[in-house]
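So the chains spell out like this:
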Amino acid sequence: MSNRKELLGKTFVCSCGQTHTVPTQTILYAEDSLERLPSHLESCVQGRRIVLLADTRTWDIAGEQARQSLEKKGWSCQVLMIPDQDSKSPICDDNTFDRMNRCFPKADVALAVGSGVVCDLTKWLAFEHRIPFSVLATAATMNGYTSANVAPTIKGVKTLLVAQAPLAVFAVPSIVANAPFELTAAGLGDVIAKPISTADWIMNHLYNGEPFCRTCSELINSLEPYYFDCPEHIRERRPQAMEALMNALLYSGIAMTMIGTSAPASGGEHLLSHTLDMMSGMDGGEHDLHGRQVGVGTILSAALYEKIFEIQTPQLNSLPTLDRAFWARRLESVSRQYESKVPVTEAMIGKLQDQDRWRKFLDQCRSLSRTPKQIKQCLQAAGAAHTYADIQCSRDRFVDAVLHMHEIRKRPTVVDLAWMLGILPDAAEDIIDQWLTPE
Ligand SMILES: [Zn+2]
Ligand SMILES: [Zn+2]
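Remember, predicted model here, so these are calculated numbers, not experimental data. (Residues numbered from 1 in each chain as written. Chains lettered and ligands numbered in written order. Predicted model: local features only at pLDDT ≥ 70, side-chain atom pairs only at ≥ 80, totals over all residues.)

Engineer: Looking at this model, I keep getting lost on the overall build of the protein chain. Mind explaining?
Structural biologist: The secondary structure content of the protein chain amounts to 21 helices and 12 strands. Relative to a compact globule of 439 residues, whose C-alpha radius of gyration would be 22 Å, the protein chain shows 22 Å and is just as compact. Dimensions of the protein chain along its principal axes, counting C-alpha atoms only, are 70 × 45 × 40 Å. The proportion of buried residues among the 439 residues of the protein chain is 47%. A separation threshold of at least 6 residues defines the contact pool for the protein chain, and within that pool the share at least 24 residues apart is 79%. (Helix = DSSP H or I, 4+ residues; strand = E, 2+ residues; numbered from the N terminus. Rg over C-alpha atoms; globule rule 2.2 N^0.38 Å. Buried ≥ 20, exposed ≤ 12 C-beta atoms within 10 Å, placed from the backbone. Contact = placed C-beta atoms within 7 Å.)

Engineer: I tried to follow the pairing of strand β7 (residues 133–137) on my own but got confused; where do I start?
Structural biologist: Every other side chain in a regular strand lies on the same face of the sheet, so the side chains alternate between the two faces. Counted residue by residue, β7 has 5 buried out of 5 residues, so it is predominantly covered. Both faces of β7 are covered, namely the face carrying F133, V135 and A137 and the face carrying S134 and L136. Taken together, strand β6 (residues 109–114), helix α5 (residues 116–128) and β7 constitute a β-α-β crossover, and its handedness is right-handed. Bridging between β7 and strand β12 (residues 168–171) involves 4 bridges; their strand directions are parallel. Paired with V135 across the strands is V169, a residue of β12. (Right-handed = clockwise from strand over helix to strand, strands pointing away. Pairing = 2+ DSSP bridges.)

Engineer: Explanation requested: the pairing of strand β5 (residues 76–81) in the structure shown.
Structural biologist: Relative to β5, strand β4 (residues 49–54) is paired through 6 bridges, and the arrangement is parallel. Counted as the bridge partner of R49 is S76 from β5. In terms of handedness, the path from β4 via helix α3 (residues 56–72) over to β5 forms a crossover that is right-handed.

Engineer: How do you make sense of the sheet that holds β5 when you look at a structure like this?
Structural biologist: What links the strands of a sheet is backbone hydrogen bonding, and the strands pair in either a parallel or an antiparallel sense. If you trace the 6 strands from one edge of the open sheet to the other, you get β3-β12-β7-β6-β4-β5, paired in parallel fashion. With partners counted over all chains shown, the strands left at the sheet margins are β3 (26–29) and β5, one partner each. Along the sheet, successive strands turn relative to each other by an average axial angle of 15°, direction set aside. Judged from the 4 bridges that link them, β3 and β12 form a sheet pairing that is parallel. Paired with L28 across the strands is F170, a residue of β12. (Axes fitted to C-alpha atoms, helices over the stretch in contact; angles between N-to-C directions.)

Engineer: What exactly am I supposed to notice about the packing of helix α7 (residues 181–191) against helix α14 (residues 290–308) here?
Structural biologist: Between two packed helices, both the angle of their axes relative to each other and the distance between the axes serve to describe the pair. Packing of α7 against α14 leaves a shortest axis separation of 7 Å and a crossing angle of 40°. By the angle class used here, α7 and α14 are oblique. Of the two elements, α7 crosses α14, and the hand of that crossing is left-handed. Here α7 contributes A185, A186, G187, L188, G189 and D190 to the contact with α14, which in turn contributes H290, G291, R292, V294 and G295. Looking at the contact of α7 with α14 residue by residue, the classes come out as 4 nonpolar, 5 polar and 2 charged. (Parallel < 35°, antiparallel > 145°, perpendicular 65-115°, else oblique. Left-handed = near helix turned anticlockwise from the far one by under 90°. Nonpolar A, V, L, I, M, F, W, Y, C, P; charged D, E, K, R; others polar.)

Engineer: Looking at this structure, I do not really get the domain arrangement of the protein chain. What am I missing?
Structural biologist: Often the size quoted for an interface is simply the accessible area lost on bringing the parts together. Split into domains, the protein chain comes out as domain 1 (2–177) and domain 2 (267–436). Taking the mean C-alpha position of each, domain 1 and domain 2 sit 32 Å from one another. (Domains from an automatic or database assignment.)

Engineer: Sorry, what's going on with unusual backbone geometry here?
Structural biologist: Backbone geometry follows two general trends: most residues other than glycine have a negative phi, and most peptide bonds adopt the trans configuration. Here the bond from L424 into P425 is cis, since omega is 5°, no more than 30 degrees from zero. Residue position: P425 is located in the loop between α20 (414–420) and α21 (427–436).

Engineer: How should the nonpolar core be read in this particular structure?
Structural biologist: A general trend in soluble globular proteins is that nonpolar side chains are found buried together. Formed by 129 residues in total, the largest nonpolar core has its most connected members in L53, A110, L111, A112, V113 and L245. Ranked by residue count, the leading element in this core is helix α12 (residues 239–259), at 14 residues. Each of two domains, domain 1 (2–177) and domain 2 (267–436), supplies a minimum of three residues to this core. (Core = buried A, V, L, I, M, F, W, Y, C linked by C-beta atoms within 7 Å.)

Engineer: In this structure, what is going on with α7? I would like to understand it.
Structural biologist: Owing to its 3.6 residues per turn, the α-helix brings residues three or four apart onto one side. Most of α7 sits out of view: 8 of its 11 residues are buried. Looking at the packing, one finds that the buried side of α7 touches α8 (194–208), α10 (224–228), α11 (232–235), α12, α14 and α18 (372–382).

In structure tokens form, the structure reads like this:
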């Protein structure tokens, strides 16, 4: 783990030819993190005024303790509680942002106490007020802690904003281990996408000239055995597995910040989750936690790769036309993405016929990929979602998502490749029967 830590706070010229910067200076995962938090912040922040943001749950778990610890060391603390939405957890949207923004005090640094929504809102507000931000992470549930991105809903549409990465991340192992288990299982689902999304990155590197960085792509490889090879340790919340999971999430966020895109941690498997979220935005149906949906998407992507690996000589088709009726009021944004992807995939068709490049692509992906069986067994043994029913989907809704997920983003993924190779749409039902249907 020491090599990874050496990257913190550094700017360096990488063997990939790019210069990478890691804005995060401190990652502290220790039982006494709360006591040590003030001195760590003192070393990287000018001034002693801090604003703490939390919701009612995370405040009780860690917020009050953090405040006491800071005040004991002479910090002036202001607290902003993020209101619940319709008596459920808060959401990260423009309304909540505006409410919090109006009462945001003068401060030298902001501290988020929580995970997804609390972290995103704090990052966004701190960026708006041009102050650094830090986070006290309460669950191993997402890789967004260390990324610069915020994913708010603005005017009802899920949006991506680039804000800033945190200066410091703190976590207390016993708090992380006691987080609601579905949050931890979601963290596993998000991080398990890694080997499969890396295959998509290699595809885009070999066929679309996307910059590839080995350092970023291998940053969390040595952590993987701690959760992938013994997923029941996650279910049992064993300290070593939980620490590996938390670090894998934090450093996959750092890899995304280093390269400036989500390529190190996100590929076709993520599109399933984004599509299900968009569908629920359109029809009001349920959707599940990001990482739980991503885990199921990873089984699907791995099953597509398994079929792709069997192909010696690609026979290629163009992508199908956009299903305009399906997207209804989301049509404009979806068609903008899809329309800009079509020329890229058309250019890929010629290159995919080059036998040498095809073999190179298969060899590289085979060496790092995982089978759908391995991914499913890992998720199942950990107690994470691994069927469409686990993520609150009917079979019909799930089939709809699978057949439309390639339409929502302009970056090609394994899902587009499967359409171009004629694997989709026909194989969708078989893959769902074999891997994603409850027993
Ligand atoms: Zn994710
Ligand atoms: Zn690099």
